[in-house]
Amino acid sequence: MVHERSSRPRLSPSSYEEDIRAVLAPRLAYFEAVARHEHVTRAAHELGVPQSTLSRAMVRLEQDLGVALFARNGRTVSLTPAGRTFLGSAERALAEVEKAADSVRADADPTAGRVSFGFLHTMGSETVPALIRAFRVDHPGVRFQLVQNYGEAMIERLRAGGLDLCLTSPVPDAPDLVARRLDEQRLRLVVPDDHRLAGRRRVRLAEAADEAFVTLEPGYGLRRITDDLCAEAGFTPRIAFEGEEAETLRGLVAAGLGVALLPPPAVARPGVVELTVTAPRAAREIGVAWLDGHPDTPPVAAFKRFLLSRRGHLLPD
């Protein structure tokens, strides 16, 4: 006698781990309903599928697992010990799926959804709180997941899907990103209050060529801008300290460790004098970036429109 070989693919030992999820996932809800009702017809009615379809799905599930999950008596069934073990895990898996679905639906809710928003450390004391406060006047229920970091780290997180939008400088130029310039922020040469230049209001950056500089670490946008401006002024800065916070650098300037190119402070700091740099023009562009081609949830779209509407007046006066 010649036995006809089934055309349905079987799980080989080498492919089991990657294939088993595709085999089991669509049938877990079917299995859970049959186990709960202990009756194929009632389960089929609840699921809205033909009874024959449900019966075949359960037979194939048992064949793929190589284990009997049900003891059958007509359309009435009862779980075997293996079936009870499998049911516990199936219920937990389905609960996790339901929890995940509830979470993404909640995040996309137009009135109470979530925005993952990244921003520079120097934007954290005034700019971002003011933006969120203004946005929530019309969108009081929208939730924010805030990430404060330097520019390159935020772009990496944006590409990895961990951020919806980021406020950064310099404005990135990359084929996989969309970026829009929002504002410009003048940078100042910060010197100790007993420095030889402290009595001045304006200064050419070349006049600080012999000074030690305290700067942000490489990878920070402001560090790149500092290096570029010094190069444009005809010198390479002599670095006395590399840090992660602009206000830490101000404190070190006050202590006499060096000078720094920094954006204006939220609150004036004693011990330093901030000079306008006349040449080269010392400023940084602030922009918002997002991944090209990624659809926005309603709350993300609303916050993006809000940010773009602030073009030219993003920063506090």
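Structure: see above.
Residues numbered from 1 in each chain as written. Predicted model: local features only at pLDDT ≥ 70, side-chain atom pairs only at ≥ 80, totals over all residues. Heavy atoms only, no water.

1. Comments concerning the pattern of salt bridges
Between side chains of opposite charge, a pair can form as their charged atoms come close. Here the structure, examined in full by the defined rule, presents 19 salt bridges. We note a salt bridge from Glu-46 to Arg-36, for which the minimum N-O separation is 2.8 Å. Here Glu-46 is found in helix α3 (residues 40-47), whereas its partner Arg-36 is found in helix α2 (residues 28-37), with 10 residues between them in sequence. A residue is classified by how much of its surface remains accessible, and Glu-46, at 40% relative accessible area, is partly exposed. For Arg-36, a relative accessible area of 46% translates into the label partly exposed. Notably, a salt bridge pairs Arg-250 with Glu-274, separated by 2.7 Å at the nearest N-O pair. Of this pair, Arg-250 sits in helix α9 (residues 246-254) while Glu-274 sits in strand β12 (residues 272-279), placing them 24 residues apart in sequence. When its relative accessible area of 1% is taken as the criterion, Arg-250 is described as buried. Put simply, Arg-181, Glu-184, Arg-281 and Glu-285 are held in one network by salt bridges that share partners. (Salt bridge = Lys/Arg side-chain N within 4 Å of Asp/Glu carboxyl O. Helix = DSSP H or I, 4+ residues; strand = E, 2+ residues; numbered from the N terminus. Buried < 20%, exposed > 50% of the residue type's maximum accessible area, 1.4 Å probe, protein only.)

2. Here's the deal with the sheet that holds strand β3 (residues 114-119)
Strand order across the open sheet formed by five strands is β4-β3-β5-β13-β6, with mixed pairing between neighbours. Looking at strand neighbours, the two that pair on one side only are β4 (143-148) and β6 (177-186), the edges of this open sheet. Averaged over all pairs of adjacent strands, the angle between strand axes in this sheet comes to 20 degrees, irrespective of strand direction. Note: β6 against strand β13 (residues 283-291), nine bridges, orientation antiparallel. For Asp-183, the partnering residue across the bridge sits in β13 and is Ile-286. Here helix α7 (residues 151-159) sits on the sheet and contacts β3, β4, β5 (165-168), β6 and β13; the angle it forms with β5, its principal contact strand, is near 165 degrees. (Pairing = 2+ DSSP bridges. Axes fitted to C-alpha atoms, helices over the stretch in contact; angles between N-to-C directions. Contact = heavy atoms within 4.5 Å.)

3. Quick word on the pairing of strand β1 (residues 70-73)
Relative to strand β2 (residues 76-79), β1 is paired through four bridges, and the arrangement is antiparallel. Across the sheet, residue Phe-70 finds its bridge partner in β2, namely Leu-79.

4. A word on the packing of helix α6 (residues 127-138) against helix α10 (residues 298-309)
Where α6 meets α10, the axes come as close as 11 Å, and the angle between the chain directions of the two elements is 115 degrees. Helix-helix and strand crossings are classified by hand; for α6 and α10 the assignment is right-handed. Residue-level contacts link Leu-131, Ala-134 and Phe-135 of α6 to Pro-299, Ala-302, Phe-303, Phe-306 and Leu-307 of α10. (Left-handed = near helix turned anticlockwise from the far one by under 90°.)

5. What to know about the side chain of Thr-127
When you line up the elements, Thr-127 lands in helix α6. Looking at Thr-127, the relative accessible area reads 6%, which means it is buried. Aside from chain neighbours lying at most four places away, what touches Thr-127 is Leu-314, Leu-315 and Pro-316.

6. What about the nonpolar core?
Across soluble globular proteins, you tend to see nonpolar side chains buried next to one another. Counting 35 residues, the largest nonpolar core has Phe-117, Met-123, Leu-158, Leu-165, Leu-167, Phe-303 and Leu-307 as its most contacted members. When contributions to this core are tallied by element, the ones reaching two or more residues are β3, α6, α7, β5, β6, β13 and α10. If you look at the next biggest cluster of nonpolar residues, it comprises 29 residues, including Leu-205, Val-214, Leu-222 and Leu-249. (Core = buried A, V, L, I, M, F, W, Y, C linked by side-chain atoms within 4.5 Å.)

7. Topic: the packing of aromatic side chains
Two aromatic rings, taken as a pair, are described by how far apart their centres are and by the angle between their planes. Counted by the stated rule, this structure contains 11 aromatic pairs. Aromatic pair Phe-135 and Phe-144: ring centres 5.9 Å apart, planes at 85 degrees, arrangement edge-to-face. Residue classification places Phe-135 among the buried positions, given a relative accessible area of 2%. With a centroid separation of 4.9 Å and 75 degrees between ring planes, the pair formed by Phe-135 and Phe-303 is classed as edge-to-face. With Phe-135 in helix α6 and Phe-303 in helix α10, this pair connects stretches of sequence that are 168 residues apart. (Phe/Tyr/Trp six-rings, centres within 6.5 Å; stacked < 30°, edge-to-face > 60°.)

8. Quick notes on α7
Taken together, the buried positions of α7 are occupied by Gly-151, Ala-153, Met-154, Ile-155 and Leu-158. Directly after α7, the chain includes Gly-161, whose backbone phi takes a positive value near 90 degrees.

9. Some remarks on the packing of α3 against helix α4 (residues 51-65)
Contact pair α3 / α4: the axes reach a minimum separation of 9 Å and the direction vectors enclose 110 degrees. The pairing of α3 with α4 is recorded here as roughly perpendicular in orientation. In this structure, α3 crosses over α4, and the sense of that crossing is right-handed. Between α3 and α4, the contacting residues are Val-40, Thr-41, Ala-43, Ala-44 and Leu-47 on the first element and Gln-51, Leu-54 and Ser-55 on the second. Of the residues contributing to the contact of α3 with α4, the split by class is five nonpolar, three polar and no charged. (Parallel < 35°, antiparallel > 145°, perpendicular 65-115°, else oblique. Nonpolar A, V, L, I, M, F, W, Y, C, P; charged D, E, K, R; others polar.)

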